[in-house]
Every structure is written in structure tokens, then in C-alpha cells.
Amino acid sequence: MKKICFIALLCLACCLNSFAQKNIPVLREDNIEEVIAAMTTEEKVSLLVGASSSLVPGAAGYTREIERLGIPMTVLADGPAGLRIQPKRDGANQTFYCTGFPTSTLLASSWDPELVETVTTAMGNEVLEYGVDVLLAPGMNLHRNPLCGRNFEYYSEDPLLSGKMAAAYIRGIQKNGVGTSAKHFAANNQEINRLENDARVSNRALRELYLKNFEIAVKEGKPWTVMSSYNKLNGDYTQQSQGLLTTLLRDEWGFDGIVMTDWGVKDNTVKSAKAGNDLMEPGRPVEEERLLAAINSGEISQEELDRNVRNMLNYIIRTPHFRKYNYSNKPDLKAHAQVARKAAEESIILLKNEGNTLPLKGNEKAALYGINSVDFVAIGTGSGEVNTAHIANMQEAMSAAGFSLDEDLAEYYCLCYATQTATEKMNGSAIDKRHRPESSVSLKAIERQAQDNDVAVLVLGRIAGEGADRVVPDDFELSSIEREMLQNISMNYHKAGKKVVVVLNTVGVIETASWKHLADAIVLPWAPGQEGAYAVADVLCGKVNPSGKLPTTFPINYMDTPSSKNFPYTWDMTQGRRGNRKNVDFTDYEEGIWVGYRYFQTNNVEVSYPFGYGLSYTTFNYSKPKVKADKDGFTATITVTNTGKMAGREVVELYVAAPAGGLEKPARELKAFAKTKLLAPGESETLTMKVSAYELASFNEKTASWETAAGEYKVLFGASSADIHTTASFRMKKTQSWPVKIMW
Ligand code: BGC
């Protein structure tokens, strides 16, 4: 009898257990609330704090798996110039290289959102096929100052160009069913003391510049995630700012994804979670402890906890890991290399072309100078660097294009590079490549080379990246070796009746005004990705007609840029008292809205190359400017005709000059842009650009609202911010305004 009772009890226990198991929900798209209800507090908290794993070696971070509820781990890895993962794995008989696409500043130079979307459609395929759920990109802080070390990861000094590019970037990646993370939100415009710096910015500059690009990207691109930045904004860490992450991002802009921290742990995890920062990355046990304690004490309410968990689950159900996508680890790198090359071709900028020096024929004997002709700067350093299988350099690319290179010179640079890298290996540390010594060539050798060759091509390189800003001497400005070499090349080649071409293979803006007269032509590919050197060679020989334009001004002197007064370009660790160092612990954005061309154009300050500038091998005529006002703004059309002898594309930039009275405004502001298709000589195309009344608005701090004044607006159709071809105007009948929910 006893035995029978025992068996009966055992059966009952088994039944109850399997009943309970059956009632544990497994995450589906339509049962998020049920899953939340079944989660323990510990499980909820674990979902809000990142995990470590080796699932995809080299990925930057992970979210936690909760197996019993069918919640998979998801994988986050860096961009923006391509996917950043480790290329080799122990025991694997294959490699995991990714494509190094052109950097963001070059992509923005295309002024072609469609092109950007094509690029990131290919990039997103690598994200998917290598088993990653979210690419930690686009980087989209503004080019406030030319020295910011991460400018190459960002697009432009202008929020409209930056926002449109980022939106296109996001659309392309997310087409693949993987996510993006628009970063670093917000006002993260310097690397020095980046974890602690307090960016002090007026509400107007924030709204019109530093938040505007994010607003466009969030509304038009709909990123799955946003990454809050390390820095403070007007006294509060951005990751702890309820105003920024909830009132603005979600309530005002309609963002419906998750916010994650940038990769560091701040003390006040609880404040971050309450503010709407759903995910702490990379995640530390102490963050879980703090969250648990705050939930137990009631400091974090159940609603707040569930809100963040709900956001996380809504994110997770979109991911490939949730879909159990069977990734191949074999994206088509060959095809993507072609996409990268084409993108560079469509974006390279021609800054100078005296006497039609370019295009060359392509079969010339060319003397190729500069250490960066071998050590080509494809991307930058830090988390924005991509592990590519190969980076084409200018020697390879020019030879492939048909040039015959001066062999002695080519060998000399290969040797210099080999010696430098061998020394690096021996010392166990990489040379800071920004200061990779340029290897000088003697005057005597240059004299001889000028006789032996048809043309000189000098590659000037600059590299930078996360964690450090650039400096003025030997970086923004040429080093003395570079200057001397350029002078000697210029003197000797010109004496021999030959031309000098400079290629600016730089991650950012450099000083050009003092030396540009020494070159006949200047080509700017920025850091154009692994195939970029081929694109440069194709521009040099005319296989490609350049159509890129500057997304950022080249000032004459560094100090001409208004933010330079408040940028830590002379930072010394030992200087000042910790916690109160100007430009280090805090940075006053004293220049307000007067950033880039907004300042230079309005104040008639001469620049070396203006925002929006770029030459072509052909010429374009603008005709029939038309502007039609409607109740929501205006539509503009302009006809562009190729009046030269070579097929080419033209970017038309539409600037608006607002009526006088009301808020003080820049002389002109970019409000739209469009790029023609490839126009054959004689061919025309009519471009259409639409601008809404809201997009015309400026931010009035007194009324806490966006305002578009009534009156006569001038519409300027320009080939650059300083080269307006034709104008039209329209009248805005009524003043319109849009109040906002939050000020800082
Ligand atoms: C960078 C981010 C990056 C993250 C993960 C941080 O240091 O600021 O841009 O996504 O690391 O690697």
C-alpha cells in the first residue's frame, strides 16, 4: 500500500512539473507581455546588462540569453566602415575578413543617399552572414572641429547632410534584417577626456546642429538602437538624461527601439535605467547588483523595469538570432569589394585642377612619392577599423591603371615601409602612424626623377581614431619633411615642364592654403576603404570623372574655425586641476550655431576650400530655377546641363536665405541637395527638391519652439556654399511654430 501511495505521489509531481513547464512561455512575436509576466526579477535585470561571450570573436558585446524563455543571446559588433570582427579563429580552417568600405566622410562626399544605401546593403549582408545582430553604426557626430580624432567615422559639419546620409546608411543595413545603432548620442565631438567631458551647448545649437542630424536619422532611418555617448551634456551624462533619451528621443521623435550605453560603466546605473537607457554595455556584474538593489528598494519601479525589458524583447524579436537564421560565415567579399570601389569612385573630390592637369592619359611614367603610397590609409584606427584581407595601395593601383611607376622610387618606399614595420615589431608597438615619419627623398634624386618621369604624384597621409584627437603641428599642418619634399618636387618638375599631383589620403581636414600653389592638381579621397586606391588611380587617368563635394570646410588656418578657441588641441595631462579644466573636463560650445560654412559664409571669412566644393572634368550649366510654395513649404526644380566634353555627375546644393527680422540666422543654410545621373556631354536633367516648412525652422529658445517666419525666402542653387549659380524666391504667408517638450 505504501509503495502504491509513493508511486501515485511521484506521478502527481511529474504531472505538475510538466504542467508548469508547459506554461512557461517561449518568446514569440506576439507574447511579449506573457513572457514579461513569467520572468523573475533577476532574469529581467540580466536582460538589461550586456554579457560576454566568444560566439563571434571580435564582436564588441552581447545581450543575455534566457534559455528557459526562448530568449536568445544577440551579438553587437562595430562599424561604421564595415563589420569589425576578429579575422582568424583558433582551430577554424577559414578566415573571417570583412570588407573595408569607404569611411563615412567619404560616403558623405558623394552627396548621394542612394549610393550610401547600396553600400550599406552590402555591408549589412556581412553583418547577417557573420552571425551579428546589430552593427554599432552609423557614427554621426558633427565635424565641429577639424581635429576630432573620430571625424572619419562621422559625415559632415552640416546636420542635414549628416542626417540624410545616416538615414540612408541605416536603411541599407536594416534591409538585411539586422540592426544599427546611431551613435554617439549626443554632442560627443572630441576624444580628449571623452568619458567625462561636459559639452556645454546652447539649446539653439543643440536643436539646430547636434541633435538635428539624429532627429533626421531617427525619423527617416528608424534605427533599431541608439547608443548614448560617454560624455555629459550640460551637466548630465547623456546615458542618464531622461530628457534626452525619453522626452526627446521617444516622446518627441517617436523612436521605438532600445538605447544602449557606450562601452563603459558609469556609477549611476540606476539613473541610466530610469532615464530610458535600456541596455548597459559591455555589462558588468556590479550593474546587475545596483539594478537589483534599486528594484528591491523601490527606487526603480516595476513599471520602469518592465518598460526597459519590453523594449529589449521588442528588439530581440527582430534579430536574426531570434529567427534562428542559419548564417553562412561566407559573405561574397569579392562582390562587396566592387561595391566599395564603386562607392569610392562616386565620392572622391577634385580640389584643384590647374590647366586641366587631370585627367592624365594613364600610360605616363609616374614618380609616386610619399610613404602612404605604400601604407595607404584605408580607414582609421580604434573601434572604427575593419579587419580586411587586403588593402590596395597606390603603387598597386596606379600600376593596374596602366601607369609605369619609377621603379627605384617604388622600391625605396617599400624598403622604408618594411624597415618601419620591422622596427615596430621589434619594439612590440605600432608606430603612431599619424607620425609615421615621411621618408625624405634627396633634392638630387628629385632632380633626376623629374627628368626621367612624365608626372609626379605625391600621397600625403594622415591617420587618427578613437581615444585621441589630432594636433596642429605635423598633422593638421604639413611636417617640415613633407613641406620640403613638396617644394623640391614642385620646383624640379615645373622646371622640367611637368605636372605635380597631390593625393590627400587623410582621415580629416588638413591645412592646404600655404602649399596648394605648389601642386597643379589636388585629389581628396579621404580614407577611402580597402579598394579606394584603385578609385584614386581611375580618377587620375580619367576612367572616372570625380563628382564628390566637400562635406566639411577646409579653413585657411586652424584658428579660423570658431570652435578652435574651445577645443583641447594643446592638452597636457599634467595641466590644471582635475575636474575643472576648460576644454578637457568641460567644453563651452561658445560658437553656438556658427559652425562650418554657417560661420564662414555669414562673416565673409575666406577659406581654403568651402563646404560643398568639388571640381569635375566637365562643366555644368544650371537653368530654369523654379520654386513653388505650397502650404507645407516649397518644391524647387532646376535643370542641369553637361556643357563640357566628358560624361559626369553634378551635385546641386539648395541653400535658403531667410527673411530678415526675428532670429538672427546664417546667411544661408543647406536645406536640400540632389545629384544628377551620369550626364553625357550636352545632356540635361531636371532635379526636384522638396523642403517642408518645419525643415525651414530655426529654434527660438525664448519660446521653446521651432519657428518658421513669414516673409520672402531666397532659394539659392549652388555648386558649393560659396558658388551660387542661380536663385529664386518664394513667400511664406504665415509664421508657423512647433513647440518642443524639453530644453536643457
Ligand atoms: C566606442 C564605440 C564603440 C564601442 C564598442 C566605444 O569605445 O566609443 O563607438 O561602438 O566602443 O566597441
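Details of the structure are given in the entry above.
Notes on the structure follow. (Residues numbered from 1 in each chain as written. Predicted model: local features only at pLDDT ≥ 70, side-chain atom pairs only at ≥ 80, totals over all residues. Heavy atoms only, no water.)

### Here's the deal with the overall build of the protein chain
The helix and strand tally for the protein chain stands at 21 helices and 28 strands. Relative to the globule expectation of 27 Å for 744 residues, the C-alpha radius of gyration of the protein chain, 28 Å, shows essentially globular dimensions. Over its C-alpha atoms, taken along the principal directions, the protein chain stretches across nearly 115 × 70 × 60 Å. Taken across its 744 residues, the protein chain has 62% of its residues classed as buried. Surface exposure of the protein chain reaches about 28300 Å², of which carbon and sulfur atoms provide 51%. In the protein chain, 81 positive and 89 negative side-chain charges are present, and the distance between their average locations comes to 4 Å. (Helix = DSSP H or I, 4+ residues; strand = E, 2+ residues; numbered from the N terminus. Rg over C-alpha atoms; globule rule 2.2 N^0.38 Å. Buried < 20%, exposed > 50% of the residue type's maximum accessible area, 1.4 Å probe, protein only. Areas by Shrake-Rupley, 256 points an atom, 1.4 Å probe, with all protein chains shown as cover. Lys, Arg positive; Asp, Glu negative; His and termini not counted. Charge placed at Lys NZ, Arg CZ, Asp CG, Glu CD.)

### A look at the pattern of salt bridges
If you walk through the whole model with that rule in mind, you get 40 salt bridges. Here Glu33 makes a salt bridge to Arg310, at a shortest N to O gap of 2.7 Å. Of the two residues, Glu33 is situated in helix H2 (residues 32–38) and Arg310 in helix H12 (residues 302–316); the sequence distance between them amounts to 277 residues. Looking at Glu33, the relative accessible area reads 46%, which means it is partly exposed. For Lys212, the salt bridge identified is with Glu215, shortest N-O distance 3.1 Å. Remark: Glu215 and Lys212 occur in helix H8 (residues 212–221); sequence separation between them is three residues, near one turn of the helix. On the basis of relative accessible area, Glu215 is assigned to the buried category, the value being 3%. Sharing partners across several salt bridges, the network here consists of Arg150, Glu153, Glu191, Arg194 and Glu466. (Salt bridge = Lys/Arg side-chain N within 4 Å of Asp/Glu carboxyl O.)

### With respect to H12
Across its 15 residues, H12 extends 21 Å between first and last C-alpha, which sits within 8% of the 21 Å expected from 1.5 Å per residue. Looking only at H12, the buried set comprises Glu304, Leu305, Asp306, Asn308, Val309, Asn311, Met312, Leu313, Tyr315 and Ile316. (Expected span 1.5 Å × (residues − 1).)

### Concerning the pairing of strand S26 (residues 711–720)
Within S26, eight of the ten residues are buried, leaving the element largely enclosed by the surrounding structure. Sheet topology places strand S21 (residues 651–657) next to S26; five bridges connect them, and they run antiparallel. Bridge pairing in S26 places Ala657 opposite Lys714. Sheet topology places S26 next to strand S27 (residues 723–732); nine bridges connect them, and they run antiparallel. (Pairing = 2+ DSSP bridges.)

### Considering unusual backbone geometry
Of note, the bond from Gly79 into Pro80 is cis; its omega dihedral lies within 30 degrees of zero at 5 degrees. Summarising the element assignment, Pro80 is placed in the loop between strand S2 (74–78) and helix H4 (104–109). The omega angle of the peptide bond from Leu358 to Pro359 is 0 degrees, so this bond is cis rather than trans. Along the polypeptide, Pro359 turns up in the loop between strand S10 (349–353) and strand S11 (365–369). Of note, Lys222 is a non-glycine position whose phi angle comes to about 50 degrees, a positive value. Even without being a glycine, Asn329 presents a positive backbone phi close to 60 degrees. Locating Asn329 in the fold gives a position in the loop between helix H13 (320–323) and helix H14 (333–345).

### Considerations on the environment of Glu191
Following the sequence through the fold, Glu191 ends up in the loop between strand S4 (179–185) and strand S5 (198–200). Spatially, the C-alpha atoms of Glu191 and Asn231 are 9.7 Å apart, while their sequence positions differ by 40 residues. For Glu191, the contacting residues outside a window of four places in its chain are Gly149, Arg150, Glu466, Gly467, Ala468 and Asp469. (Contact = heavy atoms within 4.5 Å.)

Just geometry here; none of it tells us what the structure is for.
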